[in-house]
Amino acid sequence: MSKMDEYMVVLPEAHPLCVKEKIEIEDLENEPFMLSEHGGKTAFTRRNNFVK
């Protein structure tokens, strides 16, 4: 059994990946992205501002 990490992906509504129910890490290969520390203030603020 392998451990899987979950990440939040924030995209504009018109982005081609928005039509996918599940986004694989390979789908993000050519996309710009940023990571933040787990449980940090930045991640908490971002999650509260984007998740509806």
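The coordinates are above.
What counts, and where the lines are drawn
Residues numbered from 1 in each chain as written. Predicted model: local features only at pLDDT ≥ 70, side-chain atom pairs only at ≥ 80, totals over all residues. Heavy atoms only, no water. Helix = DSSP H or I, 4+ residues; strand = E, 2+ residues; numbered from the N terminus. Buried < 20%, exposed > 50% of the residue type's maximum accessible area, 1.4 Å probe, protein only. Areas by Shrake-Rupley, 256 points an atom, 1.4 Å probe, with all protein chains shown as cover. Patch = residues over 30% accessible without salt bridge, like charges linked within 9 Å, V, L, I, M, F, W, Y side chains within 5 Å. Salt bridge = Lys/Arg side-chain N within 4 Å of Asp/Glu carboxyl O. 1 Å grid on protein atoms, 1.4 Å probe; cavity = no way out; pocket = protein on both sides within 12 Å on 5 of 7 lines; lining within 4 Å. Points joined across faces, edges and corners; volume = space filled by probe spheres on them. Nonpolar A, V, L, I, M, F, W, Y, C, P; charged D, E, K, R; others polar.

Participant: What is the right way to look at the overall build of the chain in this model?
Facilitator: Summing up its helical and strand segments, the chain has one helix and zero strands in all. Each of the 52 residues in the chain was classed as buried or not, and the buried ones make up 10%. Carbon and sulfur atoms make up 55% of the accessible area of the chain, which totals about 5,400 Å².

Participant: Can you walk me through a nonpolar patch on the surface in this structure?
Facilitator: Residues Tyr7, Phe33 and Leu35 make up a contiguous nonpolar surface patch of about 430 Å² in total accessible area. Considering the arrangement of structural elements, one finds Phe33 in the segment before helix H1 (41-50).

Participant: Honestly, the layout of surface pockets in this entry has me stumped. Any pointers?
Facilitator: To find the voids left in a structure, one rolls a probe of water-molecule size over its atoms. The computed volume of the second largest pocket comes to approximately 170 Å³. What lines the second largest pocket is simply Val9, Val10, Leu11, Pro12, Glu13, Leu17, Cys18 and Ile23. Of the residues in the lining of the second largest pocket, the class split is seven nonpolar, no polar and one charged.

Participant: What exactly am I supposed to notice about the pattern of salt bridges here?
Facilitator: Pairing is possible between side chains that carry opposite charge, provided their charged atoms lie close to one another. If you walk through the whole model with that rule in mind, you get two salt bridges. Note that Lys20 and Asp27 form a salt bridge whose closest N and O atoms lie 2.7 Å from each other. A relative accessible area of 24% means that Asp27 is categorised as partly exposed. For Lys22, the salt bridge is made with Glu24, and the minimal N-O distance between the two is 4.0 Å. Under the relative-accessibility criterion, Glu24 is labelled partly exposed at 37%.

Read these as layout, nothing more, since geometry by itself doesn't imply function.
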